[in-house]
Amino acid sequence: MAYQTIKTFYTNKNIFLTGGSGFVGVSYIEKVLRTMPDVGDIFILLRPRKGQGIQERLDTIKNNSVFDVIKASEGSDVLLNKIKPVCGDISEEKLGLSDNDFNALCDHVNIVVHCAATLDFETDLKTAITINLMGTKRIVELSKQIKNLQCLLHVSSAYVNSNKNYAMEKIYDAPANYNDIINYALTMDTDKLNSSAEKIMGDHINTYTFTKALAEHVVNDAKNTIRTCIVRPSMIVASWKEPVEGWTVSKNGPQGFIMGASKGVVRRLPVNQSLIYDYIPVDVVINTIIAGTWFSAQLPESTPTVDGQTPIFHCTTSTCNPFRWKDISSILTTTLHKYPIRGAVWYPNIKFLPNLFMYWISSAIFHFIPAYILDFVTKISGGRPILVRLHKNVNRSLGKLAPFIFNEWKFDNARTLRLQEELSVDDQSVFYIDPTSLNWTPYFINLTLGVRKYLHKESDKTMKQALKKDFVLFIANSGVQLSIVIGIWYLFSFITGTPMLANFWAAFIPIIFGYFF
């Protein structure tokens, strides 16, 4: 087939985007506007919430730090005005669209990008079906009525195949009939449905992977009616290169625990440092969405599929550039002290523990005891105590996350790497989708800086004060550690009624405990 460049393909194309306020959504909008200013309008599905109408929500989106680069250039107002809010809700019939909005989308849209989903691994089955499965079905139904649709791209997840240790870029057998599952959601009592979740899901880890796997089959079943494409990212993390290195607004995965570690409140984590963890920068995901749409839209009408299926692209690193925590753990704490935050409440020190049992023991000492003390001080000072609640929530979530923490998956991405080769030379540099050359050590340093700037919202101007505070906290932390060692040493001497020198071994107990836990 005759390949035109990606930029040429997107010229004057109108896009309908769901999930436009999320991490992937805002990143997609920014990349499209910044690199392809001749694109048409980007319609984003928004629902009013928290006292905000869709126009107010759009203003909030435009104030996202992801658009800082665009705003620093000429013509930024023209570009940002291409973002058009559409009132609706993925969980409602016909997406909650008015008749006028529904007809306008059918008349003007050329590309549909479906990012909206509930990402909460603790979501009950009814909610996950309503949003992830039925929401996708509604998007497919709308897409079939769009007059000049060139492609529907569905953002799925590599973990739809978490019941397999090695997954290829293809659609595997469905874990259930999606029409039956939708019928359960529509007819069964909610409590009964949710209590039957494990039986219904079979070997799937949670409601997220189960419903996202079914959603892929909804998209695939439309492959002969409309052009379709599926992109499967793994754990999406901060940007590699664009819009700036380390940019993030997501608190999921490494960004979340580095955020807590830099505050000094997260000090221990259950991690198997020898396992491969599959992380993918958000800018690589966005480029794959853009390129995947371009690829699928140009497939010949006679064969609008690949190997008889919707084209699947894995946005993953496990097979081409595997990451292990042992490769960077030594520089993580060093980086936290090289680039500390002014808002730290204690001296940062992160330690990985190989199993949940060791973590529970360590968490009781290094998380909850300091949390109760700090919350008490906060409360008597008139503040709002949050640390104990935070650690309880973290520990509760770890039970759900354990399969992702202590299992290793490999996702083959050979087709995605071939897609990179099919791009023009210019497109390869602008829409890079090959993560093979990513160097994880400088990447995580930039991610830590991104967490500091975009999540903690601390500018470079606070660095000098932060370094001074870090030194003060180091002295305080060392003093507390020394006091604990001497206290335990003295306690053993008091109990045994012998001189402290005769019980010198007792001083090594907290030191040894701290080494292992």
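Residues numbered from 1 in each chain as written. Predicted model: local features only at pLDDT ≥ 70, side-chain atom pairs only at ≥ 80, totals over all residues. Heavy atoms only, no water.

The name given to the protein chain in an unreviewed UniProt entry is Fatty acyl-CoA reductase, with Aphis craccivora as the source organism. The record in UniProt for the protein chain states the following under Catalytic activity (unreviewed entry): "a long-chain fatty acyl-CoA + 2 NADPH + 2 H(+) = a long-chain primary fatty alcohol + 2 NADP(+) + CoA". Quoted verbatim from the Subcellular location (unreviewed entry) field of the UniProt record, the comment on the protein chain reads "Membrane". (UniProt positions renumbered as here; feature names shortened; annotations may be inferred.)

(A) A look at the packing of helix H13 (residues 282-297) against helix H17 (residues 414-422). Interaxial distance between H13 and H17 falls to 11 Å at its minimum, and their mutual angle equals 75°. With respect to H17, the element H13 is oriented roughly perpendicular. Residues Thr-288, Ala-291, Gly-292, Trp-294 and Phe-295 of H13 lie in contact with H17, whose contacting residues are Thr-416, Leu-419 and Glu-422. Classifying every residue of the contact of H13 with H17 by side-chain character gives four nonpolar, three polar and one charged. (Axes fitted to C-alpha atoms, helices over the stretch in contact; angles between N-to-C directions. Helix = DSSP H or I, 4+ residues; strand = E, 2+ residues; numbered from the N terminus. Parallel < 35°, antiparallel > 145°, perpendicular 65-115°, else oblique. Contact = heavy atoms within 4.5 Å. Nonpolar A, V, L, I, M, F, W, Y, C, P; charged D, E, K, R; others polar.)

(B) Quick peek at the nonpolar core. Counting residues in hydrophobic clusters, the biggest one holds 97 residues, and the most contacted among them are Tyr-28, Ile-289, Trp-325 and Phe-444. Looking at this core, the element that brings in the most residues is H13, giving ten residues. With residues near it in sequence (within four places) discarded, Phe-444 still touches Pro-254, Ile-258, Tyr-279, Phe-323, Trp-325 and Ile-328. Of all hydrophobic cores here, the second largest spans 40 residues; its members include Leu-105, Cys-106, Ile-146 and Ala-197. (Core = buried A, V, L, I, M, F, W, Y, C linked by side-chain atoms within 4.5 Å. Buried < 20%, exposed > 50% of the residue type's maximum accessible area, 1.4 Å probe, protein only.)

(C) Just the side chain of Asn-287, in detail. Here Asn-287 is to be found in helix H13. Using a relative accessible area of 0% as the deciding quantity, one classes Asn-287 as buried. Leaving out residues up to four positions away in the same chain, Asn-287 has contacts with Lys-31, Val-430, Phe-431, Tyr-432 and Ile-433.

(D) Quick look at the sheet that holds strand E2 (residues 42-46). One open sheet holds the seven strands; their spatial order is E3-E2-E1-E4-E5-E7-E11, and the pairing between them is parallel. With partners counted over all chains shown, the strands left at the sheet margins are strand E3 (83-87) and strand E11 (312-315), one partner each. Between one strand axis and the next, the sheet turns by 20° as a mean value, whatever way the strands run. Inspection of the sheet shows E2 paired to E3 by five bridges, in the parallel sense. In the sheet register, Phe-43 faces E3, and the bridge partner there is Lys-84. Sitting on the sheet, helix H11 (residues 207-220) is in contact with strand E5 (151-155) and strand E7 (228-233), with an inclination near 170° to E5. (Pairing = 2+ DSSP bridges.)

(E) Here's a closer look at a nonpolar patch on the surface. On the surface, a nonpolar cluster with roughly 860 Å² of combined accessible area is contributed by Phe-504, Trp-505, Phe-508, Ile-509, Ile-511, Ile-512, Tyr-515 and Phe-516. Along the chain, the position of Phe-504 falls in the loop between helix H20 (463-496) and helix H21 (508-516). Given a relative accessible area of 48%, Phe-504 falls into the partly exposed group. (Patch = residues over 30% accessible without salt bridge, like charges linked within 9 Å, V, L, I, M, F, W, Y side chains within 5 Å. Areas by Shrake-Rupley, 256 points an atom, 1.4 Å probe, with all protein chains shown as cover. Salt bridge = Lys/Arg side-chain N within 4 Å of Asp/Glu carboxyl O.)

(F) Quick peek at the UniProt feature "transmembrane region" (unreviewed entry) in the protein chain. As annotated by UniProt and renumbered to match this structure, "transmembrane region" (unreviewed entry) occupies residues 357-377, 471-492 and 498-516. Structurally, residues 357-377 is divided into 100% helix and 0% strand, and its ends, taken at the C-alpha atoms, are 30 Å apart. End C-alpha atoms of residues 471-492 are separated by 32 Å, and the span's content is 100% helix alongside 0% strand.

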